[in-house]
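Listed below, chain by chain, are the residues.
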Amino acid sequence: MNEMKRSKIVIGNWKMYKTIEESVAFVEELSPLISDQDPMVYLAVPFTSIKPASEAAKDTQIVIGAQNMNDASEGAFTGEVAGQMLVNAGAKFVILGHSERRIFFKETNEFINKKVKRALEEGLRVVLCIGENLTEREEGKTHSVLETQIKECLADVNQLENVILAYEPIWAIGSHQTATPEIAQEAHFFCREFIAQNWNQEQANQLMIQYGGSVKPENAKALLEQPDIDGLLVGGASLSVEVFSKIIHYQSDLNLGNHL
Ligand code: 13P
């Protein structure tokens, strides 16, 4: 199943960082550094930066998206943002189910499933985050956690071509404790097999699965060389053009980070 050649993707998740001016400056500085040889580059920016960043990214290879949305198309939900508003502002994709939303905002798989369906209806590509916490890993529950998250978050979602799965073990996020390429590969392979069994083999072969959790220039190449790791979801290291572009250029010998 690993013979399938999938494209590579690097997504920066800025979380709650960067003003409008900082976002636009970042896009303007990064875009000339990206070539056709590089992976696809997506930036998940704060809501306030979606429109200006999309305008700055027009005619470049950078794709702008959001980090969350509501499951309703509109309504009396103070403080929430609808998928159609993201599309209207220029977003092409949305991250859903990030562990920070599951932990701090108590999002459940059921709620995430509703958002996934709404986002796909609105024409947004979905980056669905899944991953176990440290206790679950230590207790040998990683596979069952991943299985449940995939099954419940993707319930009644038959078309997976607009879904990217992001395996983000919670113990690796912002912790400087990256999963080894072998640990990540094992989890990615498991997820792909699970998709093959519960959807079909072709969909599993085509599904992009990316890794997230303390990704840096020093570990990007080894992770991306694994057969089932198709991309990286980068938090902290996506906030600086210099550092993020080293991750994008993971194949380059000039990338000093890869010599470490
Ligand atoms: P860090 O790269 O800062 O560990 O964050 C990972 C993450 O949560 C990306 O969505």
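Quick notes on the rules
- Chains are numbered independently. Their residues run from 1 in the order of the written sequence.
- Where totals are concerned, whole chains, interfaces and linings use all residues; where local detail is concerned, this predicted model gives features only for residues with pLDDT of at least 70, and gives and counts side-chain atom pairs only at 80 or more.
- The side-chain quantities take in all heavy atoms of the structure and omit both hydrogens and water.
- For every residue, the predictor reports its confidence as pLDDT, a number between 0 and 100.
- Contacts: residue pairs with any heavy atoms within 4.5 Å of one another.
- Throughout, near means a residue has at least one heavy atom within 4 Å of the molecule or strand.
- Identification of polar contacts relies on pairs of N or O atoms within 3.5 Å, with a donor-acceptor requirement for protein atoms, meaning one able to donate a hydrogen and the other able to accept it, and with residues adjacent in sequence counted only if both atoms are side-chain atoms.
- Shrake-Rupley sampling with a 1.4 Å probe provides the accessible areas, and residues are treated as covered by the protein chains on show and by no other component.
- When residues are sorted by character, Ala, Val, Leu, Ile, Met, Phe, Trp, Tyr, Cys and Pro go into the nonpolar class, Asp, Glu, Lys and Arg into the charged class, and all the rest, Gly among them, into the polar class.
- Relative accessibility thresholds used throughout: buried, under 20% of the residue-type maximum; exposed, over 50%; partly exposed, between the two (1.4 Å probe, protein chains only).
- Numbering of helices and strands runs from the N terminus; a helix is a DSSP stretch of H or I covering at least four residues, while a strand is a stretch of E covering at least two.
- Strand pairing is defined by DSSP finding a minimum of two bridges between the two strands.
- Throughout, an axis means a line fitted to C-alpha atoms (over the contacting stretch in the case of helices), and angles, computed between N-to-C directions, take values from 0 to 180 degrees.
- Between 65 and 115 degrees an angle is taken as roughly perpendicular, under 35 as roughly parallel, over 145 as roughly antiparallel, and anywhere else as oblique.
- Working rule for handedness: look at the near helix, and if it is turned counterclockwise from the far one by less than a right angle, call the crossing left-handed; if clockwise, right-handed.

Engineer: An account of the confidence of the model for the protein is needed here, citing residue identities and associated values.
Structural biologist: Summarising the model, the protein shows a mean pLDDT of 95, and 95% of its residues fall at 70 or more. Note that pLDDT drops below 50 for residues 256–260; the model gives that stretch ten contacts with residues more than four away or on any other chain.

Engineer: Give me the lowdown on the site of the ligand, citing residues and values where you can.
Structural biologist: If you check the shell around the ligand, you find Asn13, Lys15, His98, Glu168, Ala172, Ile173, Gly174, Gly213, Ser214, Leu233, Gly235 and Gly236 and nothing else. The backbone of serine 214 places a nitrogen or oxygen atom 2.8 Å from an oxygen atom of the ligand. Here an oxygen atom of the ligand and a backbone polar atom of glycine 236 are 2.9 Å apart. Considering the ligand on its own, with 310 Å² of exposed area, one finds that the protein chains cover 94% of that surface. For the shell around the ligand, the residue count by class is three nonpolar, seven polar and two charged.

Engineer: Please set out the pairing of strand β7 (residues 208–212) residue by residue, giving values where relevant.
Structural biologist: The element β7 is extensively covered by neighbouring structure, given that five of its five residues are classed as buried. Residues Met208, Gln210 and Gly212 point to one face of β7 and Ile209 and Tyr211 to the other, with burial holding for every one of them. Across four bridges, strand β6 (residues 163–167) lies against β7 in parallel orientation. Among the inter-strand pairings, isoleucine 164 is bridged to a residue of β7, identified as methionine 208. As judged from the three bridges shared by β7 and strand β8 (residues 231–234), these two strands associate in the parallel manner. Of the residues in β8, the one forming a bridge with tyrosine 211 is leucine 232.

Engineer: Describe the packing of helix α7 (residues 142–153) against helix α8 (residues 181–198), and please don't skip the residues or the numbers.
Structural biologist: Relative orientation of the contacting elements α7 and α8 amounts to 45°, with a least axis distance of 10 Å. What the angle tells us is that α7 and α8 run oblique. Note that α7 runs across α8; the crossing there is right-handed. On the side of α7, the interface is formed by His143, Leu146, Glu147, Ile150 and Lys151, while α8 contributes Glu186, Ala187, Phe190, Cys191, Phe194 and Ile195. In terms of residue class, the contact of α7 with α8 is made up of seven nonpolar, one polar and three charged.

Engineer: Which residues make up the sheet that holds strand β5 (residues 125–130), and what are the values?
Structural biologist: As summarised here, the arrangement of the eight strands in space is β1-β2-β3-β4-β5-β6-β7-β8, forming a closed barrel in which the pairing is parallel. Across the sheet, the axes of successive neighbouring strands diverge by a mean angle of 25°, strand direction being ignored. Of the pairings in the sheet, the one linking strand β3 (residues 62–66) to strand β4 (residues 93–96) comprises two bridges and is parallel in character. Bridge assignment links alanine 66 to a residue of β4, and that residue is valine 94. On top of the sheet, α8 reaches β5, β6 and β7; it is set at about 150° to β7, its chief contact. Across the sheet, helix α11 (residues 241–248) lies against β1 (9–13), β2 (40–44) and β8, angled at about 155° from β1, the strand it touches most.

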